[in-house]
Amino acid sequence: MLEMRQVTKVYRNELVETHALRALDLQVREGEFVAVTGPSGSGKTTFLNIAGLLEDFTSGEYLLDGVNVGGIGDDARSRLRNQKIGFIFQAFNLIPDLNLFDNADVPLRYRGMAADERKRRIEEALARVGLASRMKHYPAELSGGQQQRAAIARALAGDPRLLLADEPTGNLDSYMAREVMELLENLNAQGTTIVMVTHDPELAARAQRNVHIVDGQISDLVREAALVSPAAAGGAVASHA
Amino acid sequence: MFGYYLQLALRSFRRNRVLTALMVLAIALGIGASMTTLTVYYILSGDPLPGQSQHLYEVQLDPQSLQGYEPGQEPAEQVTRYDAETLLAERRAPRQAMMSGGNVSVQPGKAGLAPFYAPARYTSADFFPMFHTRLLFGQGWSAADDAAHARVAVITKSLNDKLFGGANSVGKPVRLAGQEFRVAGVMGDWNPNPHFYDLNVRGFGGAEDVMVPFTTSRDLNMDRSGSMDCWGDSKGDGTAVGANCVWIQYWVELDDAAQASAYRRYLVNYSTQQHAAGRFQRPPNVRLRSVMQWLSYKQIVPGDVRLQVLLAFGFLLVCLVNTVGLLLAKFLRRSSEMGIRRALGASRRAIFLQCLVEAGMVGLVGGMLGLGLAALGLWGVRHQPTQYAPYVHLDLAMLALTFVLALLASLLAGVLPAWRAMQVTPAMQLKAQ
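Here is a short report on the structure shown in this document. (Residues numbered from 1 in each chain as written. Chains lettered and ligands numbered in written order. Predicted model: local features only at pLDDT ≥ 70, side-chain atom pairs only at ≥ 80, totals over all residues.)

All names here are of chain B. Strand β6 (residues 152–156) sits mainly inside the fold: five of its five residues count as buried. In β6, alternate side chains face the same way, and those of Val 152, Val 154 and Thr 156 on one face and Ala 153 and Ile 155 on the other are all buried. Of the strand pairs in this sheet, β6 and strand β8 (residues 179–187) are connected by five bridges, and their pairing is parallel. When the sheet's bridge partners are listed, Ile 155 is paired in β8 with Val 186. Direction of pairing for β6 relative to strand β9 (residues 210–213): antiparallel, over a ladder of two bridges. Each bridged residue has a counterpart across the sheet, and for Ile 155 the counterpart in β9 is Val 210. (Buried ≥ 20, exposed ≤ 12 C-beta atoms within 10 Å, placed from the backbone. Helix = DSSP H or I, 4+ residues; strand = E, 2+ residues; numbered from the N terminus. Pairing = 2+ DSSP bridges.)

What follows is the structure, given as structure tokens:
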């Protein structure tokens with residue numbers, strides 16, 4: 001589903017060069033639930049942004065669902081993002097002026113989908129996250145957990161092959177965090193590939209596989225474990241049950 | 001997607017009513033001011049006879065004395081009666097007409113209607129087909145009527161309404177300048193503006209009420225108006241055939257450039273002959289200007305109107321700069337929304353178009369309001385003491401131009417803010433939430 005080979009990301013200004021990712025290799029197979037962990041500033045979010053085609057990488061190769069995304073134009077990149085990827089953010093990132101229905105409608109609009117198909121998908125997605133009765137509500141009228149579920153519904157409406165989650169429970173209390181995590185696990189069980197960046201070791205432990213990033217690289221410990229057991233790890237990293 | 005962008009624009013307007021109102025007002029003020037002055041300019045510089053004006057040429061000769069002569073200067077703007085009658089008799093153009101303006105007394109046969117003066121034009125037979133006068137009843141007179149000094153007249157619809165209650169008056173008698181004339185024709189709505197064929201009488205105001213043969217007007221010594229430049233001894237009658245006075249407008253109709261060139265050569269030859277004969281003291285100096293060249297030469301558009309147009313467009317530019325600032329503020333305030341949209345699949349182009357549609361909507365609403373302001377401005381112009389005031393109206397073309405201008409102006413104003421909005425880096429915006 002996702003394959004990065006020797007991907008580096010360097011931020012430059014007049015004074016300094018910052019290496020956010022250093023020759024990162026990673027493969028995520030279809031249907032996997034991978035947790036990406038690491039200390040602050042290790043490059044987790046940069047990795048997620050590159051994986052989600054929100055940022056360019058400096059060098060290396062990135063194949064998303066078999067498509068080499070290096071050097072493709074903005075239109076093609078946006079189309080890929082729209083059709084294959086769903087995002088869940090720590091801050092939910094719902095558009096405050098749109099109600100839940102219209103928020104979930106955003107990615108479908110850019111797909112040029114017919115109105116009745118969009119309506120069906122949105123209603124299904126909101127029902128799936130338990131917000132069918134709130135579709136005319138605005139984000140500010142919902143709790144944090146409900147907002148995150150709405151964001152998940154927005155991602156689900158597009159029926160993405162890959163769900164990228166950046167600290168999806170970071171702004172939620174433990175009850176709501178559990179609720180959202182269960183939702184993600186259910187989605188994964190139904191076949192959606194999930195890559196989740198998290199600080200929380202407990203949440204990471206619930207993923208099928210963990211990737212630990214330190215200084216822009218997958219840590220040696222994990223890399224070695226992956227070399228020992230590539231089949232079990234899905235290519236590059238250690239796994240957790 | 002266009003419908004979606006429209007929805008988003010309307011939603012954005014509702015969300016930022018004050019900011020939107022400010023932008024609409026800025027565009028409306030700029031459009032209102034520009035369209036007011038542009039309409040005045042358009043009316044003043046318009047083609048008075050579309051489709052025909054390019055075939056009509058004003059003739060200028062230089063019959064004046066050597067006194068004050070400077071080589072290269074423009075010849076007189078009118079011709080002498082002798083020259084006009086000679087050129088008319090030689091008929092070297094497919095059509096030609098000599099003319100002068102005046103005023104005639106009209107004695108209505110209708111009870112209760114007092115005699116009055118009406119503006120008149122003394123001309124020759126080709127005037128009617130040359131200038132595409134639209135005749136409601138009857139027709140113009142013939143060259144034979146010119147030669148016979150016939151007592152015939154063509155009157156306007158408004159005079160016909162006044163004298164004959166709008167009925168077909170062809171063949172009926174009408175008393176002009178104390179003499180009985182026969183109505184040969186009634187002109188319909190024929191009001192060429194500017195009054196190109198005789199700018200000495202007036203610049204604007206449409207056709208005269210009464211047309212009579214030039215020959216007849218001289219027989220009856222009808223009152224004439226307009227300018228007259230004389231040199232030497234005119235023996236007290238500047239309108240006499242041999243008088244050294246220019247006071248007649250002479251127009252010819254020529255079908256193409258070849259005919260125009262041939263006619264110009266003819267005028268040069270004519271001038272050379274007159275010079276050789278001692279009538280013309282100056283070397284041959286002729287002009288043959290088409291209607292639009294003539295109007296341009298006569299600077300029918302006053303300088304202050306040109307200046308007003310420039311100032312109004314300068315004002316529109318200032319309004320646009322303000323709108324650019326307001327749009328920038330509006331779009332950049334929504335950077336996080338743009339970032340989310342980008343993350344959810346909007347391309348840079350989609351964001352750019354979304355912003356442009358919003359700017360265009362501001363322009364359309366501003367255009368509508370600007371149209372109202374332009375109408376108000378033109379109402380003000382119509383109440384000014386100028387000849388052209390009554391004719392200053394928004395026509396369909398100017399109406400369309402108002403919206404096109406408003407739309408273009410707002411799109412232009414929207415380009416930079418939209419470009420900035422599409423440059424939003426989604427990763428940074430999403431992280432900054």
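This part covers the interface of chain A and chain B. Taken residue by residue, the interface counts 20 residues in chain A and 19 residues in chain B. Of all the secondary structure elements, the ones that give two or more residues to the side of chain A that touches chain B are α1 (44–51), α2 (74–84) and α3 (100–109) of chain A. Here the side of chain A that touches chain B gets five residues from one element, more than from any other, and that element is α2(A). Here the side of chain A that touches chain B is built from residues that sort into eight nonpolar, five polar and seven charged. (Contact = placed C-beta atoms within 7 Å. Nonpolar A, V, L, I, M, F, W, Y, C, P; charged D, E, K, R; others polar.)

Turning next to the packing of helix α10 (residues 303–333) of chain B against helix α13 (residues 396–422) of chain B. Residues and elements named next belong to chain B. The contact between α10 and α13 brings their axes to 8 Å, and the two run at 30°. Comparing their axes, α13 and α10 come out roughly parallel. By crossing handedness, the relation of α10 to α13 is classed as right-handed. Residues Leu 316, Leu 320, Thr 323, Val 324, Leu 327, Leu 328, Phe 331 and Leu 332 of α10 lie in contact with α13, whose contacting residues are Ala 409, Ser 410, Leu 412, Ala 413, Gly 414, Leu 416, Pro 417, Ala 418, Arg 420 and Ala 421. (Axes fitted to C-alpha atoms, helices over the stretch in contact; angles between N-to-C directions. Parallel < 35°, antiparallel > 145°, perpendicular 65-115°, else oblique. Left-handed = near helix turned anticlockwise from the far one by under 90°.)

Looking now at the sheet that holds strand β1 (residues 2–12) of chain A. Residue and element names in this part refer to chain A. Strand order in this open sheet of four strands is β2-β1-β4-β5, and the pairing throughout is antiparallel. In this open sheet, the two edge strands, each paired with only one partner strand, are β2 (17–28) and β5 (67–68). Across two bridges, the pairing between strand β4 (residues 59–64) and β5 is antiparallel. Note on β5: the bridge partner recorded for Leu 64 is Val 67.

What follows covers the nonpolar core. If you look at the biggest cluster of nonpolar residues, it comprises 180 residues, and the most contacted ones within it are A:Ala153, B:Ile27 and B:Ala153. Of all the elements, helix α12 (residues 348–382) of chain B adds the most residues to this core, at 13 residues. For this core, the two domains that each supply at least three residues are domain 1 (2–48 + 302–432) and domain 2 (75–252) of chain B. When residues no more than four places from it in sequence are discounted, the contact partners of A:Ala153 are A:Ala104, A:Ala125, A:Leu126, A:Arg128, A:Val129 and A:Leu131. (Core = buried A, V, L, I, M, F, W, Y, C linked by C-beta atoms within 7 Å. Domains from an automatic or database assignment.)

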